[in-house]
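Given next are the chains, with one letter for each unit.
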Amino acid sequence: MSGIPLEAVYGPPDGAFPGQFPYTRGLHASMYRSRLWTMRMFAGFGTAIDTNRRFKEIIAAGGTGLSTAFDMPTLLGLDSDDPMARGEVGRCGVAIDSLADMRDLFAGIDLATITTSMTINSPAAVMLALFVAHAEEAGVSRARLGGTLQNDILKEYQAQKEFVFPPRASMRLVRDTIAFTAAEMPKWNSISVSGYHIREAGATAVEELAFTLANGFAYLELAREAGLGVDEVAPRLSFFFNAHIDFFEEIAKYRAARQLWATWTRDHYGAIDPRSHQLRFHTQTAGVSLTAQQPELNIARTALEALAGVLGGTQSLHTNSMDEALALPSEKAARIALRTQQVIAYESGVVHVADPLGGSYFVEELTNEMARQAEVIFDEILAMGAGSMLEGCIRGIEENWFQGRIADSAYQLERSFNDGTRIVVGVNDFLEGNDDKDLEILRITNADETRQRERLASVRRGRDEAAVSAALETLASDATDPEVNLMPALINAARAQATLGEMMGTMEKVFGRHVEVPTL
Amino acid sequence: MSVRVLVAKVGLDGHDRGIKVVARLLRDAGMEVVYTGLFQTPETVASAAVQEDVDVVGLSMLSGAHLTLAPLVVEALRERGSDVPVVVGGIVPSNDLDELRAAGVAAVFGPGASAEEMVATINELVAARAG
C-alpha cells in the first residue's frame, strides 16, 4: 500500500525457490501473482432440477467449475425409494438415481467447456458411467470431458465411512476407473486423494498428512499392478486437505506434503515427468473447528484457516459458512464465506509474493519436522504391508489400525477441551454472548424426497425392462472376472436407464458388503 | 450398578467421530457403553436396546435426518414395550428441539456439549425412570 516495489519471490541466491523440485515452496514460480487459486464452492441439494438451477447461477456469476455434492443415499449407492433412504433424500446434496437425473443436473450446461467435480466414492465408477452416458447423448465425447472424481475409497474405510463393498473389491473399481480414464478421458482427474475427512474424523495434522500421502502411493501401486506407468497416473491425481485452526502447523503441513510427494514419486516410484512430482491440492476450512455457540465467530476462524491454505500455496479453496455447526449453509452465510476468500485475494496483499513465509526459521523447521514424523508413519504402514503401501493401507483398514488411531486422536483432543487445557472461545471460555438470538438457518423439507421418489417411479415405468435386465446381467458376469474393466458394462447399463441402486446391487451380489466391526 | 447406555448410528450418516468420543467419555464416567456400529435401522436399535437391557439409548445424528429417524427409534422402542429414554447428540437446530421433545426424545446435546453435562443429564433420566 505504501508503494514499496515487491519481487515475485524472495530467497537466498543458492536457495530453493517455488516452481523447483521438491516444490516445498510452491508449484509455480510466481504463484498467485500470475493466477489466483480457484474459489470452488461446493453445491448440491434437493432434486437434480434444483441443483441445475444453482449451477446455472454459479456459471452466470462467472464460475468455470462446478462441484457436485450428492445426498447420502446416492453416496451409498441407494436409490431414493430404498427404505434405508428415508429422511435423507436430497438433504445433504443432490439425489441422482439414473440417467434421467443426470440429464436434469446438466441440462443447458456445456460439458465441453465447464469442468465438473463429483464428490463421490463408493459408487464413483457408476457416477462416472452415468456422466459419460449423458455427455455422449448430449454430443460431447468422453475425450473432451474435464473434471475430477473424488473416487478415494481408502479414506472412506479409514474415516468418512461411506463404504459399500469390501476394500479389495472397491479397489478393483478404482483400478478400473484409473485405467478407463487414462485410456479414454485425457482431461479427467481420476482421484482426489483426500485428507480432509481423515482430519475431520479426528486425526492430527501429521496423521492427515501421512495417511493421505500413503493412500496416494497406494493408488500409484494399484495402477502399476494394472500395467500403468507412474507418469501416466500421477499427474491425474490431485489432493484435498483440511485447513484447521492451528495456523503455522497447517502451512507447514502443505509444504511438507509437496516435498514428500515430490521426493517419494521420484525416488520410490520412478516418476520422471515433473507433473508427477507436483502435488496439486484443494483446501477446505475445518468444519469441526466451527462452533454452534456465538456462530459469527466462525467467520474469523474460517478466515484464519483460509489464509493458512493460501500461504501454504493451495490451488483451490472452499470456505465453510458460519452456520455449519447448526445446519446446511444459508445463502447469506455461503456468500460471506466466499467473500472471505475475496478479502484475502483482493484486499490483504498476501498474493503478491510467492511463499512469503519461506525461510522463516520456525516454518522451515516445522515443515521438516512434519515430514519426518510422516515418514515414521509411512514406515509403519509399509511394515503392515510387508513393503507394499497398497497392502499396508488395506491391511491397516481391515485391522482397524487407521480407525483406531483416528479415534484415539479425536478422544485426546476432546479431553483437552473438557479439562480446559485447550480453549475454544464461546465453548469452554469467554461464554458471554452465548445467549444471543439464533442465526437464520436453511430449512429443508421432506417435499424433495417425495418429488424424487415420484421421478424415479416414472423412470422405472418408462424404460425397456428387457434392456435393463440384459445390461445388468452383463455387469454381473463382468464383475465375476477380476481381469475385466467394469466401465463399459456400467456405461451400457447407464444408457439402458438402470438405476444407481440396481447397478450397485448387482455388483454387491458378486462383491459382498463391507461391515465394519464396531470398536470403541 | 453402573448405568448402561446403548449408543447408535441410525440411517446412512457415517460421521462416527462424535459417537466414539462420547462413548469413551461416558465410560470414563463409569458407565457401561454398547455401540451398535454404523447404518442401523430404528428397528435394529430398538431390538438391541431391549436385548442389552440398557438404561438409555443415545443417537448420534449429523446428516439432518433427526426429525425423521429419532421419532422412529422412540416408536420402535415403545412398540417393544420399552420406556427407555432416548437422547440425541449432533447437529440439531434449536428450532427442531420442540418437535423432537414432542416425539418423545428426552434430551438433545448440541455441538460443544460438555462431558459433565451429558453425564449429569443421563444420570437424571435414569434416576427419574427408576422413580
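Reading the values: the criteria
- Residues numbered from 1 in each chain as written.
- Chains lettered and ligands numbered in written order.
- Predicted model: local features only at pLDDT ≥ 70, side-chain atom pairs only at ≥ 80, totals over all residues.
- Helix = DSSP H or I, 4+ residues; strand = E, 2+ residues; numbered from the N terminus.
- Rg over C-alpha atoms; globule rule 2.2 N^0.38 Å.
- Buried ≥ 20, exposed ≤ 12 C-beta atoms within 10 Å, placed from the backbone.
- Contact = placed C-beta atoms within 7 Å.
- Nonpolar A, V, L, I, M, F, W, Y, C, P; charged D, E, K, R; others polar.
- Pairing = 2+ DSSP bridges.
- Right-handed = clockwise from strand over helix to strand, strands pointing away.
- pLDDT = per-residue confidence, 0-100.
- Axes fitted to C-alpha atoms, helices over the stretch in contact; angles between N-to-C directions.
- Core = buried A, V, L, I, M, F, W, Y, C linked by C-beta atoms within 7 Å.
- Left-handed = near helix turned anticlockwise from the far one by under 90°.
- Arc of directions from axis to C-beta.
- Expected span 1.5 Å × (residues − 1).
- Parallel < 35°, antiparallel > 145°, perpendicular 65-115°, else oblique.

Participant: Is there a simple way to think about the overall build of chain A in this case?
Facilitator: The number of helices and strands found in chain A is 20 helices and nine strands. For chain A, whose C-alpha radius of gyration is 23 Å, the value lies close to the compact-globule estimate of 24 Å for 520 residues. A principal-axis box enclosing the C-alpha atoms of chain A has dimensions of 70 × 55 × 50 Å. Relative to its 520 residues, chain A shows a buried fraction of 54%.

Participant: Any chance you could explain the overall build of chain B here in plain terms?
Facilitator: Each helix and strand in chain B was counted, giving five helices and five strands. Ordering the α and β elements of chain B from the N terminus gives β-α-β-α-β-α-β-α-β-α. Taking 2.2 N^0.38 as the reference for a compact globule, 131 residues should give roughly 14 Å; the C-alpha atoms of chain B span a radius of gyration of 13 Å, in line with that estimate. Across the 131 residues of chain B, 52% fall into the buried class.

Participant: Would you explain unusual backbone geometry in this entry?
Facilitator: What you tend to see is this: most non-glycine residues have negative phi, and most peptide bonds are trans. Residues and elements named next belong to chain A. With an omega of 0 degrees, the peptide bond running from phenylalanine 21 to proline 22 counts as cis. Along the polypeptide, proline 22 turns up in the segment before β1 (38–39). Positive phi, normally seen in glycine, also occurs at asparagine 151, with a value near 50 degrees. By the element assignment, asparagine 151 lies in the loop between β4 (147–149) and α5 (154–160). Its identity as a non-glycine residue notwithstanding, glutamine 294 has a phi of 40 degrees, on the positive side. Along the chain, glutamine 294 falls in the loop between β8 (281–285) and α12 (297–311). Residue glutamine 294 is classed as partly exposed on the basis of its 18 C-beta neighbours within 10 Å.

Participant: What exactly am I supposed to notice about the interface of chain A and chain B here?
Facilitator: By a widespread convention, an interface's size corresponds to the accessible area lost as its parts come together. Between chain A and chain B, the residue contacts involve 33 residues of the former and 29 residues of the latter. In terms of residue count, helix α16 (residues 401–418) of chain A provides more of the side of chain A that touches chain B than any other element does, five residues in total. The class makeup of the residues in the side of chain A that touches chain B is 19 nonpolar, six polar and eight charged.

Participant: Just checking my understanding: could you explain the pairing of strand β5 (residues 105–109) of chain B for this structure?
Facilitator: For a regular strand, side-chain orientation follows a simple rule: the groups alternate between the two sheet faces. Residue and element names in this part refer to chain B. Counted residue by residue, β5 has five buried out of five residues, so it is predominantly covered. In terms of strand pairing, strand β4 (residues 86–90) meets β5 through four bridges, oriented parallel. If you follow valine 88 over to β5, its bridge partner there is valine 108. With respect to chirality, the unit in which β4 leads through helix α4 (residues 97–102) into the neighbouring parallel β5 is right-handed.

Participant: Which parts of the structure should I look at to understand the sheet that holds strand β6 (residues 191–194) of chain A?
Facilitator: Within a beta sheet, neighbouring strands are joined by backbone hydrogen bonds and run either parallel or antiparallel to one another. Residues and elements named next belong to chain A. In spatial order, the strands read β1-β9-β8-β7-β6; together these five strands make up an open sheet with parallel pairing. At either margin of the open sheet sits one strand with a lone partner, and together these are β1 and β6. As defined by bridge partners, strand β7 (residues 237–243) adjoins β8 across five bridges and the pair is classed as parallel. Across the sheet, residue phenylalanine 239 finds its bridge partner in β8, namely phenylalanine 281.

Participant: I'm lost on the confidence of the model for chain B in this one. Help?
Facilitator: The predicted coordinates ought not to be read in detail in places where the model reports low pLDDT. Of all residues in chain B, 100% attain a pLDDT of 70 or more, and the chain-wide mean is 95. Within chain B, strand β1 (residues 4–8) of chain B carries the highest mean pLDDT (98), whereas helix α5 (residues 115–130) of chain B carries the lowest (95).

Participant: Looking at this structure, how should I read the sheet that holds β1 of chain B?
Facilitator: All names here are of chain B. Pairing within the open sheet is parallel, and its five strands lie in the order β2-β1-β3-β4-β5. Every other strand in the sheet has two partners, leaving β2 (32–35) and β5 as the edge strands with one partner each. The average angle at which neighbouring strand axes cross in this sheet is 25 degrees, direction not considered. Packed on one face of the sheet, α5 meets β1, β3 (56–61), β4 and β5 and runs near 175 degrees to β5.

Participant: When you look at the nonpolar core in this model, what are you seeing that I'm missing?
Facilitator: In summary, soluble globular proteins display a tendency toward joint burial of nonpolar side chains. Within the largest apolar cluster, 189 residues are counted, with the highest numbers of intra-cluster contacts made by Ala129 and Leu490 of chain A together with Val57 and Val73 of chain B. The element contributing the most residues to this core is helix α8 (residues 205–225) of chain A, with 13 residues. Contact partners of leucine 490 of chain A, with chain neighbours within four places excluded, come to Ala125, Val126, Ala129, Leu475 and Met503 of chain A.

Participant: I would appreciate a short explanation of the packing of α16 of chain A against helix α1 (residues 17–28) of chain B in the present structure.
Facilitator: Contact geometry of α16 of chain A with α1 of chain B gives a least axis separation of 9 Å together with a crossing angle of 65 degrees. Classified by chirality, the crossing of α1 of chain B by α16 of chain A is right-handed. For the pair α16 of chain A and α1 of chain B, the contacting residues are Ala407, Ala410, Tyr411 and Glu414 of chain A in the first and Arg17, Lys20, Val21, Arg24 and Leu25 of chain B in the second. Considered class by class, the residues forming the contact of α16 of chain A with α1 of chain B number five nonpolar, no polar and four charged.

Participant: Mind showing me how you'd approach helix α2 (residues 42–52) of chain B here?
Facilitator: One full turn of an α-helix is made of 3.6 residues, so residues set three or four places apart face in the same direction. Residues and elements named next belong to chain B. Those residues of α2 that fall on the buried side of the exposure criterion are Pro42, Val45, Ala46 and Ala49. Down the axis of α2, the smallest arc covering the buried residues is 95 degrees, so these residues share one side. Against the buried residues of α2 lie β1, β3 and α3 (66–79). Positive phi appears at aspartate 53, one or two residues downstream of α2, with a value of about 50 degrees.

Participant: Which parts of the structure should I look at to understand helix α18 (residues 465–480) of chain A?
Facilitator: Residues and elements named next belong to chain A. With 16 residues, α18 extends 23 Å from end C-alpha to end C-alpha; this agrees with the ideal 22 Å at 1.5 Å per step. Taken together, the buried positions of α18 are Ala471, Leu472, Leu475, Asp478 and Ala479. Along the long axis of α18, the arc covered by the buried residues comes to 120 degrees, so they all point the same way. Those residues of α18 that are exposed and angled more than 90 degrees off the buried face are Ala466, Ser477 and Thr480. For α18, the secondary structure elements touched by its buried residues are α19 (487–495) and α20 (500–511).

Participant: How should the pairing of β4 of chain B be read in this particular structure?
Facilitator: Residues and elements named next belong to chain B. Most of β4 is tucked away, with five of its five residues classed as buried. Side-chain alternation along β4 places Val86, Val88 and Gly90 on one buried face and Val87 and Gly89 on a second face that is also buried. Sheet topology note: the β3/β4 ladder contains five bridges and is parallel. Across the sheet, residue glycine 58 finds its bridge partner in β4, namely valine 87.

Participant: Help me out: how do you make sense of the environment of threonine 68 of chain B in this one?
Facilitator: Summarising the element assignment, threonine 68 of chain B is placed in helix α3. Between the C-alpha atom of threonine 68 of chain B and that of glycine 11 of chain B, which follows or precedes it by 57 residues, the distance is 10.0 Å.

Participant: Help me understand the packing of helix α4 (residues 124–137) of chain A against α19 of chain A, please; the structure alone is not making it clear to me.
Facilitator: To characterise two packed helices, one gives the angle between the axes of the helices and the distance between these axes. Residues and elements named next belong to chain A. Remark: α4 packs on α19, axes separated minimally by 8 Å, with the N-to-C direction vectors making an angle of 60 degrees. With respect to α19, the axis of α4 lies oblique. Considering the relative orientation of α4 and α19, their crossing is right-handed. Of the residues in α19, those touching α4 at Ala125, Val126, Ala129, Leu130, Val132 and Ala133 are Met487, Leu490, Ile491, Ala494 and Arg495. Of the residues assigned to the contact of α4 with α19, the class counts are 10 nonpolar, no polar and one charged.

Participant: Explanation requested: the environment of aspartate 152 of chain A in the structure shown.
Facilitator: All names here are of chain A. Within the secondary structure layout, aspartate 152 lies in the loop between β4 and α5. Along the primary structure aspartate 152 and serine 170 are separated by 18 residues, whereas in three dimensions their C-alpha atoms are 9.9 Å apart. Look past the residues within four positions of aspartate 152 in its chain and what remains in contact with it is Asn121, Ile191, Ser192, Val193, Ser194 and Asn215.

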